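# Observations on the three-dimensional arrangement
One letter stands for each residue in the lines below.
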Amino acid sequence: MRETRDMKILVINDDGITSSGIWAAVRALRQVGEVAVVAPDRQQSGVGACLTLHAPVKAGEWTVGQEFQPKSQDEGDGLFPVSAYSVEGTPGDSCVLALESLVK
């Protein structure tokens, strides 16, 4: 059985990075592993599997809210870290960027 400490979880949605649903999933998942969020910068429902082919796709680091940060440098909250990126593209673009270059 794999140690949960080694588990890395990629979270992508089609509702956008500001969706409350994606952050509810992150709150639950970060109890079992390191979470990376790579999601569209806006609502993209209905185009989840589409890829952008003839235009540049940009991504930028997203500032994760205070509720995900440890209380102090010395005292962790027992939860795993969260990193997040916002993508100017579709959920499919988010997945490709995450797996190719954003998430190690």
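To be clear, the structure that these remarks concern was listed above.
Residues numbered from 1 in each chain as written. Predicted model: local features only at pLDDT ≥ 70, side-chain atom pairs only at ≥ 80, totals over all residues. Heavy atoms only, no water.

## Looking at the overall build of the protein chain
Going by this rule: Every helix listed is a DSSP run of H or I at least four residues long, and every strand listed is a run of E at least two residues long, numbered separately from the N terminus. Relative accessible area decides the class of each residue, using a 1.4 Å probe on protein chains only: under 20% of the type maximum gives buried, over 50% gives exposed, and in between gives partly exposed. We call two residues in contact when some of their heavy atoms are within 4.5 Å. A 1.4 Å probe and the Shrake-Rupley method give the accessible areas. Residues count as covered only by the protein chains that appear here.
Counting its secondary structure elements, the protein chain contains 2 helices and 4 strands. Overall, the protein chain shows an N-to-C arrangement of helices and strands of β-α-β-β-β-α. Across the 104 residues in the protein chain, those meeting the buried criterion constitute 32%. Taking the contacts inside the protein chain whose residues are at least 6 apart along the sequence as the reference set, 78% of them involve residues at least 24 apart. Summing over all exposed atoms, the protein chain offers an accessible surface of approximately 6,700 Å²; the carbon and sulfur share of this is 52%.

## Describing the environment of Ala49
Within the secondary structure layout, Ala49 lies in the loop between strand E2 (34-40) and strand E3 (58-61). Along the primary structure Ala49 and Gly92 are separated by 43 residues, whereas in three dimensions their C-alpha atoms are 5.1 Å apart.

## Some points on the side chain of Asp93
Rules: Positive charges come from Lys and Arg alone, negative charges from Asp and Glu alone, with His and the N- and C-terminal ends not counted. The working definition used for a salt bridge is a side-chain nitrogen of Lys or Arg within 4 Å of a carboxyl oxygen of Asp or Glu.
Structurally, Asp93 can be placed in helix H2 (residues 91-102). Buried Asp93, no salt bridge; nearest opposite-charge side chain is Arg42, N-O distance 8.0 Å.

## Some thoughts on the sheet that holds E3
Sheet strands pair via backbone hydrogen bonds, and the direction of the pair is either parallel or antiparallel. Basically, it comes down to this: Two strands form a pair only when DSSP identifies at least two bridges running between them. Lines are fitted to the C-alpha atoms to define the axes, a helix being fitted only along its stretch in contact, and any angle between axes, read from their N-to-C directions, falls within 0 to 180 degrees.
One open sheet accounts for 4 strands, arranged E1-E2-E4-E3; its pairing is mixed. For this open sheet the edge positions go to strand E1 (8-11) and E3, each flanked by a neighbour on one side alone. Averaged over all adjacent pairs, the angle separating strand axes in this sheet is 20°, with direction ignored. Here 4 bridges tie E3 to strand E4 (residues 82-88), and the two strands are oriented antiparallel to one another. Residue Ala59 lies in a different strand from E4, and its bridge partner there is Val87. The strands touched by helix H1 (residues 20-29) are E1, E2 and E4; relative to E2, the strand with the most contacts, the crossing angle is about 170°. Sheet strands touched by H2: E1, E2, E3 and E4. Its angle to E2, the strand with the most contacts, is close to 135°.

## Side note on the pattern of salt bridges
Using the criterion set out here, one finds 1 salt bridge in the structure. In this structure, Arg42 engages Asp41 in a salt bridge whose closest nitrogen and oxygen atoms are separated by 2.6 Å. The exposure class assigned to Arg42 is partly exposed, which follows from its relative accessible area of 46%.

## Topic: H1
It helps to recall that an α-helix has 3.6 residues per turn; residues three or four apart then point in one direction. Note the cut-off: The arc under discussion is defined with respect to the helix axis, by the directions toward the C-beta atoms. Under the rule applied, a polar contact is a pair of N or O atoms within 3.5 Å (in protein, one hydrogen donor and one hydrogen acceptor; residues adjacent in sequence only if both atoms are side-chain atoms).
All of the buried residues in H1 are Ile22, Trp23 and Val26. For H1, the angular spread of the buried residues around the axis is 95°, confining them to a single face. If you follow the buried residues of H1, they end up packed against E1, E2 and E4. The opening residue of H1, the one whose side-chain oxygen lies 3.2 Å from the backbone nitrogen of Gly21, is Ser19.

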